[in-house]
Amino acid sequence: MRVLVTGGAGQLAHAIRQIWTGHELVIPDESVLDLSRQDSIQRVVADIRPEVLLNCAAFTQVDRCESEAELALLINGTAVGWLAEACEAESARLIQISTDYVFDGTGTRPYREEDPTNPVSAYGRTKLEGERQATRCSKHLIARTSWLYDAWGKNFLNTMLNAAAQGRSLRVVDDQWGAPTTCRTLARQLKMAAEQDWKGLVHMTCQGETTWHGFAQAIFEAKGMTVDLGPCGTADYPTPAKRPAYSVLSGERRRSLGPDLMPDWREALQEVMDHPEPA
Ligand SMILES: NC(=O)c1ccc[n+]([C@@H]2O[C@H](COP(=O)([O-])OP(=O)(O)OC[C@H]3O[C@@H](n4cnc5c(N)ncnc54)[C@H](OP(=O)(O)O)[C@@H]3O)[C@@H](O)[C@H]2O)c1
């Protein structure tokens, strides 16, 4: 397949490069494929004529989205509509990556794809608009994931390791529940989904659940590091954007569609620790 990938400098796109072997990947620089410009999208899609367009680009800084909501809506929402239109014109398939933050987090069991959305942040609202815009391409797959990280990139794992390396004592929230997911496992599941032509809305996260504090604890345990780590509440750590208290996603639909390549989050973390670059 010829696959056009956006957001090439991001952490998920890095995993796609390593995992999507056997396919022709075209990953233009942001200066060439800039999602904030419709003409740039139209020109690149018409030039490359991809069979699949995998949209890994997004405005992902959740707190900044609150103060820059217009730009966030442009990148996470409007531009996805432009991508969908351009794909439709080339009969290409669009794979859009979305987020657990489309839910408000008041649920008490893993969210299913058909559960009502109700984002509580500008980031969540703009990503939900992106989901809506993606459906303008008749051959679309929307993959919702959560708490993405890997050995590379700007993410919670690297933030924790850097803070611990500076000898800082850490207080991490223990009242937000989710599923940490490695970019490489998502890349593997997405590759299979693309090869098997999955369509519609599908949750793709690692299995199990934990809090950010539980995740931090597991990181330091896996590294064999002794760190002064303690729990705190969301209320003790105010941020511009509100986050869902519980945003675990159900994998039922994924399992009904084909082989489930998403391991338990602890197993996925161990793989990152053992092999910083995926085998
Ligand atoms: N990270 C998470 O925890 C998480 C959780 C759930 C879902 N997701 C979703 O997963 C996908 C991949 O996220 P990620 O973690 O890989 O994000 P990331 O590392 O922040 O990568 C996103 C990339 O998009 C680029 N980008 C921003 N504006 C652009 C524009 N106008 N044109 C072209 N590229 C642009 C960014 O460039 P700059 O860095 O230069 O802005 C960045 O390289 C996103 O759709 C995200 O919403 C992420």
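Residues numbered from 1 in each chain as written. Predicted model: local features only at pLDDT ≥ 70, side-chain atom pairs only at ≥ 80, totals over all residues. Heavy atoms only, no water.

## Looking at unusual backbone geometry
So, step 1. One non-glycine residue, serine 91, adopts positive backbone phi at about 55°.
So, step 2. Relative to the assigned elements, serine 91 resides in the loop between α4 (69-89) and β4 (93-99).
So, step 3. Of the residues examined, serine 91 reaches a relative accessible area of 52% and is grouped as exposed.
So, step 4. Although it is not a glycine, aspartate 197 adopts a positive phi angle of roughly 60°.
So, step 5. Take aspartate 197: it is sitting in the loop between α7 (183-195) and β10 (200-203). (Helix = DSSP H or I, 4+ residues; strand = E, 2+ residues; numbered from the N terminus. Buried < 20%, exposed > 50% of the residue type's maximum accessible area, 1.4 Å probe, protein only.)

## Comments concerning empty space enclosed by the protein
So, step 1. Taken as a whole, this structure holds one cavity of 30 Å³ or more when the rule is applied.
So, step 2. Taken as a whole, the largest cavity holds about 50 Å³ of empty space.
So, step 3. Looking at the largest cavity, the residues that line it are Arg93, Leu94, Ile95, Lys139, His140, Leu141, Ala193, Ala194, Asp197, Trp198 and Lys199.
So, step 4. Sort the elements by how many residues they give to the lining of the largest cavity and β4 lands first, with three residues.
So, step 5. Grouping the amino acids of the lining of the largest cavity by side-chain chemistry returns six nonpolar, one polar and four charged. (1 Å grid on protein atoms, 1.4 Å probe; cavity = no way out; pocket = protein on both sides within 12 Å on 5 of 7 lines; lining within 4 Å. Points joined across faces, edges and corners; volume = space filled by probe spheres on them. Nonpolar A, V, L, I, M, F, W, Y, C, P; charged D, E, K, R; others polar.)

## With respect to the site of the ligand
So, step 1. Around the ligand, 24 residues are found, and the nearest of them are Gln11, Leu35, Thr60, Tyr123 and Lys127.
So, step 2. Measuring from an oxygen atom of the ligand, one finds a side-chain N or O atom of glutamate 30 at 3.3 Å.
So, step 3. Contacts to the ligand include alanine 58, whose backbone N or O atom sits 3.3 Å from an oxygen atom.
So, step 4. Going through the elements one at a time, α1 (11-19), β4 and α5 (122-134) are the ones with two or more residues in the shell around the ligand.
So, step 5. Of the residues forming the shell around the ligand, the biggest block, three residues, is contributed by β4.
So, step 6. Looking at the shell around the ligand, its residues break down into twelve nonpolar, nine polar and three charged. (Near = heavy atom within 4 Å. Polar contact = N/O pair within 3.5 Å; in protein donor to acceptor, adjacent residues only side chain to side chain.)

## Let's talk about the pattern of salt bridges
So, step 1. Per the stated rule, a full pass over the model turns up 20 salt bridges.
So, step 2. Measuring nitrogen to oxygen at the nearest pair gives 3.2 Å for the salt bridge that ties arginine 93 to aspartate 197. One end of the pair, arginine 93, is in strand β4; the other, aspartate 197, is in the loop between α7 and β10, and 104 residues separate them in sequence.
So, step 3. A salt bridge links aspartate 260 to arginine 254; its shortest N-O distance comes to 2.7 Å.
So, step 4. Put simply, Asp150, Arg184, Arg188 and Glu271 are held in one network by salt bridges that share partners. (Salt bridge = Lys/Arg side-chain N within 4 Å of Asp/Glu carboxyl O.)

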